[in-house]
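# Working through the structure, step by step
What follows is each chain in one-letter form.
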Amino acid sequence: MRRRLRRGAALGTALLAGIAAAALLLTRPERAPADAMAGLTGDATRGARIFDAAGCAGCHMAPDAPEGDPQARLRLAGGQAFPSPFGTFRAPNISPDPKAGIGRWSALDLYNALHFGTSPEGRHYYPAFPYTTYVNASRQDVADLYAYLMTLPPDPTPSRPHDVAFPFNIRAGLGLWKALFLRPGWVVTGPLSAEQERGRYLAEALGHCGECHTPRNALGGLRRDAWLAGAPVPGGRGRFPNITPARLDWGQADLVEYFTTGFTPEYDSAGGHMAVVIENLSLLPRADRAALAAYLKAVKPVP
Amino acid sequence: MRIRPTIGAALLAAATAALALPLTAQESEFKAQITARQSQMRLYAFNISQLGAMAKGMVPYDAAAATAAANNIATLTRLNAAAMWPAGSDNFSTEGTRALPELWDNMADVQQKGMALAKAADAMAAVAGNGLDEMRAAMGPLGGACGACHKAYRQPQ
């Protein structure tokens, strides 16, 4: 009897271990085929525009980058901290330094990072890195971005580790998170003008507006049903505002002015991380800012 | 440590603190100073709105009006504001303000940002009368200089 029980427990344990192994296998870091980027030539000038639209500098420039120095935001030493309910994430060094940064990466490595959240060593990245947005970016844009990133100044500052407690420090669990929340495709669908489609690409493939402005579920996944409806500031006070047409009633010219200068219709100016976002948006062609404004008008109103 | 306001009062204060005079249950001992510095911000906003209306095409460009507004903005950057920002008038210590305590910890940086604002305002004043395109181009750096301080030292709403 006791022996049979013991055998049953052993079998149960083996079964559970098997299920866990299968789950890990099914959710292991995914990568594109080795020839996914073959035949694509990156254009660094176009890549600069991708870089600004995707807001890379906003998170990856050093926290002490001096104000108003256009070169400072291009030194991608990392180190800015991003608090969340799961722990504090720190943006890594993505300068082309071969040791501290991504100098040894291939364009395919960058594609795998942006598209699958998978590192060149085959590990899961945490979704503080907004690959749920970049999964929609085109391969050509990744190739262009790669070409541009490699022209930036290398910085030897080592990346600092994230400060994430158990169980979220087990990266294998991120495979499950990705299975639930990482998928390509647009949130805003339906009939859009060409300008709105461009705006959607800027917002949902590069600009990752939803990372702050969309509420999250208990597992940290973005609630696509409440897209851009506002969310609490993680680890801070206040809220990121609802920017659906239900609450944001600014006109097209008001929005473009805001994206260009940071001035609201009342001539207050953007603060917090949004000021950083404006620094990036203001570098885009005016037509892109107009496209983003037109896109916001097409978002489903959520009161 | 003062009594924390209710969430409602905090939201109301946050919503109105930027430009309107804040309504809080409790009056700050620095009410006069906070009102003064928020009034200076309102004067900035009003004069920038004159330029912004032209930049957005809401009113026709008027070189004389643009120059007058731009000169006002440059003049506002010349105020000695030290007495409006006493220690202890931050949003953790008192009510009716979104100014973060970090502002008082980084005075050298605040002054540097203030000087950068004066520079951007002077640049605007120099070109505001030269036509819509030149005025528009100067709006970005001016907004950036405003935002530099708000990014670092103002509690987001």
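Throughout this document, residue positions are counted from 1 along each chain, in the order its sequence is written. Chains and ligands are labelled by the order in which they are written, letters from A for the one and numbers from 1 for the other. Predicted model: local features are reported for residues with pLDDT of at least 70 only, side-chain atom pairs are reported and counted for 80 or more only, and whole-chain, interface and lining totals are derived from all residues. Calculated side-chain values reflect all of the structure's heavy atoms, with hydrogen atoms and water omitted.

### Observations regarding the pattern of salt bridges
Residues and elements named next belong to chain A. Convention followed: One speaks of a salt bridge when a side-chain nitrogen belonging to Lys or Arg is within 4 Å of a carboxyl oxygen belonging to Asp or Glu. Runs of E in the DSSP output that reach at least two residues are strands. Runs of H or I that reach at least four are helices, and both are numbered from the N terminus. Buried, partly exposed and exposed residues are distinguished by accessible area as a fraction of the type maximum, computed with a 1.4 Å probe on protein chains only: under 20%, between the cut-offs, and over 50%, respectively.
This model, assessed by the stated rule, comprises 13 salt bridges over all chains. As a salt-bridge pair, Arg46 and Asp141 come within 3.5 Å of each other at their nearest N and O atoms. Here Arg46 is found in helix H2 (residues 44–54), whereas its partner Asp141 is found in helix H6 (residues 139–149), with 95 residues between them in sequence. On the basis of relative accessibility, which here comes to 40%, the residue Arg46 falls in the partly exposed class. Here Arg46 and Asp144 are joined by a salt bridge, their closest N and O atoms 2.1 Å apart. With Arg46 in helix H2 and Asp144 in helix H6, this residue pair connects regions lying 98 residues apart in the sequence.

### So, the confidence of the model for chain B
Residue and element names in this part refer to chain B. Note the following rule: Per residue, pLDDT measures the predictor's confidence, with a range of 0 to 100. Contact between two residues is taken to exist if any of their heavy atoms lie within 4.5 Å; hydrogens are not considered.
Summary statistics for chain B give a mean pLDDT of 87 and a share of 83% for residues scoring 70 or more. Of all helices and strands in chain B, the one with the weakest mean pLDDT is helix H1 (residues 7–17) (47), whereas helix H3 (residues 63–76) scores best (98). Within the model, pLDDT remains below 50 along residues 1–5, and this stretch shows 10 contacts once partners closer than five positions in the same chain are excluded. For this predicted complex, the interface score ipTM comes out at 0.77, alongside a pTM of 0.85.

### Considering the packing of aromatic side chains
Residue and element names in this part refer to chain A. Here is the rule: In this analysis, rings of Phe, Tyr and Trp, with Trp reduced to its six-membered ring, are considered paired at centre separations within 6.5 Å, and the interplanar angle assigns stacked below 30 degrees, edge-to-face beyond 60, and tilted for intermediate values.
Under the defined criterion, the tally for this structure stands at 13 aromatic pairs over all chains. Between Trp186 and Tyr201, the aromatic rings sit 6.3 Å apart at their centres with planes inclined by 70 degrees, giving edge-to-face as the arrangement. Remark: Tyr201 occurs in helix H8 (residues 194–207) and Trp186 occurs in the loop between helix H7 (174–181) and H8; sequence separation between them is 15 residues. Classification of Tyr201 by relative accessible area gives buried; the value is 14%. What links up through ring pairs into an aromatic cluster is the set Tyr125, Phe129, Tyr131 and Tyr134.

### A few points about the interface of chain B and chain A
Quick reminder of the rule: Buried area, as used here, totals the accessible surface that two parts lose on assembly, with accessibility defined by a 1.4 Å probe and the loss added over both.
The partner chain A presents 21 residues to the 27 residues of chain B that form the contact. Here chain B packs against chain A, burying approximately 1900 Å² in sum over the two surfaces, 54% of which is carbon and sulfur. Counting across the chain B and chain A interface gives 3 salt bridges. The closest approach of N and O atoms between B:Lys151 and A:Glu279, which form a salt bridge, is 2.7 Å.

### A word on the pairing of strand E2 (residues 87–90) of chain A
Residues and elements named next belong to chain A. The condition that has to hold: For two strands to be treated as a pair, DSSP must find no fewer than two bridges joining them.
Bridging between strand E1 (residues 81–84) and E2 involves 4 bridges; their strand directions are antiparallel. Within E2, the residue paired with Pro83 across the bridge is Thr88. From the end of E1 to the start of E2, which pair antiparallel, there are 2 residues. Two strands pair when backbone bridges link them, and E2 and strand E3 (residues 163–164) are joined in this way by 2 bridges, in the antiparallel orientation.

### As for the side chain of B:His150
Summarising the element assignment, B:His150 is placed in helix H6 (residues 132–153). Take B:His150: its relative accessible area is 14%, and that puts it in the buried class. When near neighbours in sequence (up to four residues on either side) are disregarded, B:His150 contacts A:Asp268, A:Ser269, A:Ala270, A:Gly271 and A:Gly272.

### Looking at the sheet that holds E1(A)
The 3 strands lie next to each other as E1-E2-E3 (chain A), forming an open sheet whose pairing is antiparallel. Of all the strands in the sheet, just E1 and E3 of chain A have a single pairing partner and so form its edges.

### Thoughts on the environment of A:Arg49
All names here are of chain A. For Arg49, the position within the fold is in helix H2. The spatial distance from the C-alpha of Arg49 to the C-alpha of Asn280 is 9.5 Å, given a sequence separation of 231 residues. Those residues in contact with Arg49, other than ones at most four positions away along the chain, are Arg198, Leu284, Pro285 and Asp288.

### Notes on the nonpolar core
Note the following rule: The criterion is simple. A nonpolar core is a set of buried Ala, Val, Leu, Ile, Met, Phe, Trp, Tyr and Cys residues joined through side-chain atoms within 4.5 Å.
A:Phe51, A:Leu206 and A:Leu296 are the most contacted members of the largest nonpolar core, which totals 64 residues. Counting residues per element, this core draws most heavily on helix H4 (residues 107–116) of chain A, at 7 residues.

### Digging into helix H5 (residues 107–127) of chain B
Given 3.6 residues to a turn, an α-helix orients residues that are three or four positions apart in the same direction. Residues and elements named next belong to chain B. Cut-off, in case you're wondering: The span expected for a helix works out to 1.5 Å for each residue beyond the first.
Taking 1.5 Å as the rise per residue, H5 with 21 residues should run 30 Å; its terminal C-alpha atoms sit 30 Å apart, in good agreement. Within H5, the full set of buried residues consists of Val110, Lys113, Leu117, Ala118, Ala120, Ala121, Met124, Ala125 and Val127. On its buried face, H5 is in contact with helix H2 (31–55), H3, helix H4 (102–105) and H6.

### Points about the state of the cysteines
All names here are of chain A. To keep it simple, the criterion reads: Whenever a pair of cysteine sulfur atoms sits within 2.5 Å, that pair is classed as a disulfide.
In this structure the tally under the stated criterion is 0 disulfides over all chains. Summary of cysteine pairing: Cys56 is not part of a disulfide, and the nearest cysteine sulfur, belonging to Cys59, is at 9.1 Å. A disulfide-free cysteine, Cys209 has its sulfur positioned 9.4 Å from the sulfur of Cys212, the nearest such atom.

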